[in-house]
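# Analysis of the macromolecular model
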Amino acid sequence: MQMSNKILDGRRVAEDIRSQVARRTQALRDRGIVPCLATILVGEDPASVTYVRMKGNACKRLGLESQRIQMPETTSTEALIATIEELNADESVHGILLQHPVPSQVNERAAFDAIRLDKDVDGVTTLGFGRAAFDLPSFRSCTPKAIVSIIDYYELPIEGKHAVVIGRSPILGKPVALMLLNRNATVTICHSRTRALPEIVRRADILVVAVGRPRFVQGDWLKPGVVILDAGYNEGNVGDVDFESCHPISSAITPVPGGVGPVTIATLLMQTVEAAEQKASE
């Protein structure tokens, strides 16, 4: 899909993915298989409650089943892992999503890694990360996969480009850097301890920003023609990139809202359907 302007419309990309999800879900249902995503929410964090509701509604619209497990704020790591193990053993559940962040007493990494690899549709396990690093089959972290899907939808080149990723989280910054590296980009990862950040950003052909700081990246940091993927979402409906100053300098940029976010949710549903298809082919 050629780009008609400088805005990378994530809603358009998400709609394309959702149409595939709906078609493939119906094909499974015709065989008596209903793709099912189980979502675990620990506590009552308002943003997490909203995200879980959005994911459940998205499942319903496209014919998937969603199972919501609500656990109290005081839940222990052991109790959470026991719940995950039950879902691992439930053959009617094809994907498991643990909504993060979890309360501070929970060992989040241990909980993530309790999810069975073939049900890790959110791409959060250590094993899944390792397989992705080696470009082996596994479900990718949804936001990194969404970012690459947007680039591909608009037929923007990755190979040979210098990609700068700001952020090094294990479910966003690191995996998207590896995915771009596996597509033959030259990748620089920046973070809170990086010195002379604007100078490094100025070398980027592709810039991925995921720092959770509103309007952090400024237009005067950029090389003209850069492609910007803003994975941030902050209070006031703004991203991690200062859109007003960066848009005129870039050749392409994702808006917030309506950029990476919708594609992330669509990717989660697609990977749930893929998990159901894999199970059905066993």
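Cut-offs and rules
Per chain, residue numbering runs from 1 following the sequence as it is written. Restriction of local features to residues with pLDDT of at least 70 applies here, the model being predicted, together with a cutoff of 80 or more for giving and counting side-chain atom pairs; totals for whole chains, interfaces and linings are based on all residues. Values reported for side chains reflect all heavy atoms of the structure, with hydrogen atoms and water molecules removed beforehand. Runs of E in the DSSP output that reach at least two residues are strands. Runs of H or I that reach at least four are helices, and both are numbered from the N terminus. It is over C-alpha atoms that the radius of gyration is taken, and the globule rule equals 2.2 Å times the number of residues to the power 0.38. Burial here depends on accessible area, computed with a 1.4 Å probe over protein chains only, as a share of the maximum for the residue type. Under 20% is buried, over 50% is exposed, and the range in between is partly exposed. What makes two residues a contact is simply this: any of their non-hydrogen atoms within 4.5 Å. To measure how exposed things are, a 1.4 Å probe is used in the Shrake-Rupley method; for residues, cover is taken only from the protein chains shown. We count Lys and Arg on the positive side and Asp and Glu on the negative side, and we leave His and both chain ends out. All charge positions are set by atom: Lys at NZ, Arg at CZ, Asp at CG, Glu at CD. Pairing between strands is defined by DSSP: at least two bridges between the two strands are required. A fitted line through C-alpha atoms serves as each axis, taken over the contacting stretch for helices, and the angle formed by two N-to-C directions is quoted from 0 to 180°. Patch criteria: residues need more than 30% relative accessible area and no salt bridge. Like-charged residues are merged within 9 Å; nonpolar side chains of Val, Leu, Ile, Met, Phe, Trp and Tyr are merged within 5 Å. Here, a salt bridge means any side-chain nitrogen of Lys or Arg that lies within 4 Å of a carboxyl oxygen of Asp or Glu.

## A short note on the overall build of the chain
When helices and strands are tallied, the chain shows 10 helices and 8 strands. Taken against the 2.2 N^0.38 rule, which gives 19 Å for 282 residues, the C-alpha radius of gyration of the chain at 19 Å falls within 12% of a compact globule. Projected onto its principal axes, the C-alpha positions of the chain cover 50 × 45 × 35 Å. Expressed as a percentage of the 282 residues in the chain, the buried residues total 49%. For the chain, the proportion of contacts with a sequence separation of at least 24, taken over those separated by at least 6, is 70%. With the model as given, the accessible surface of the chain reaches about 12900 Å², and the carbon-plus-sulfur share is 52%. Computed over 31 positive and 33 negative side-chain charges, the separation of the two mean positions in the chain equals 4 Å.

## Points about the sheet that holds strand 1 (residues 36-42)
The strand order across the open sheet formed by 3 strands is 2-1-3, and the pairing between neighbours is parallel. Only two strands of the sheet have a single partner each, and these edge strands are strand 2 (65-71) and strand 3 (95-98). Going across the sheet, the axis of each strand differs from the next one's by a mean of 20 degrees, ignoring polarity. In this structure, strand 1 lies alongside strand 2, joined through 7 bridges in parallel fashion. Following the sheet pairing, Cys-36 is matched in strand 2 by Glu-65.

## Notes on a nonpolar patch on the surface
Taken together, the side chains of Tyr-51, Met-54 and Tyr-233 make up a nonpolar region of the molecular surface, amounting to roughly 300 Å² of accessible area. Counting through the fold element by element, Met-54 comes out in helix 2 (residues 46-62). Accessibility expressed as a relative area gives 38% for Met-54, which makes it partly exposed.

## Quick look at the sheet that holds strand 5 (residues 186-190)
Ordered by their spatial adjacency, 5 strands build an open sheet running 5-4-6-7-8, and the pairing between neighbours is parallel. The outermost strands of the open sheet, each flanked by one partner alone, are strand 5 and strand 8 (252-253). With 4 bridges connecting them, strand 6 (residues 206-209) and strand 7 (residues 227-230) associate as parallel partners. Of the residues in strand 7, the one forming a bridge with Val-209 is Asp-230.

## Description of the environment of His-162
For His-162, the location among the structural elements is in strand 4 (residues 162-166). Its relative accessible area of 17% is what places His-162 among the buried residues. Placed 26 residues apart in sequence, His-162 and Thr-188 show a C-alpha to C-alpha distance of 7.7 Å. Leaving out residues up to four positions away in the same chain, His-162 has contacts with Thr-186, Thr-188, Arg-203, Ala-204, Asp-205 and Ile-206.

## Focus: the pairing of strand 7
Where burial is concerned, the two faces of strand 7 agree: the one with Val-227 and Leu-229 and the one with Ile-228 and Asp-230 are both buried. Both strand 7 and strand 8 contribute to a ladder of 2 bridges, which runs parallel. For Ile-228, the partnering residue across the bridge sits in strand 8 and is Ile-253.

## Brief notes about the side chain of Thr-39
Here Thr-39 is to be found in strand 1. Ignoring sequence-local partners within four residues, the contact set of Thr-39 consists of Val-52, Gln-67, Arg-68, Ile-69 and Leu-97.

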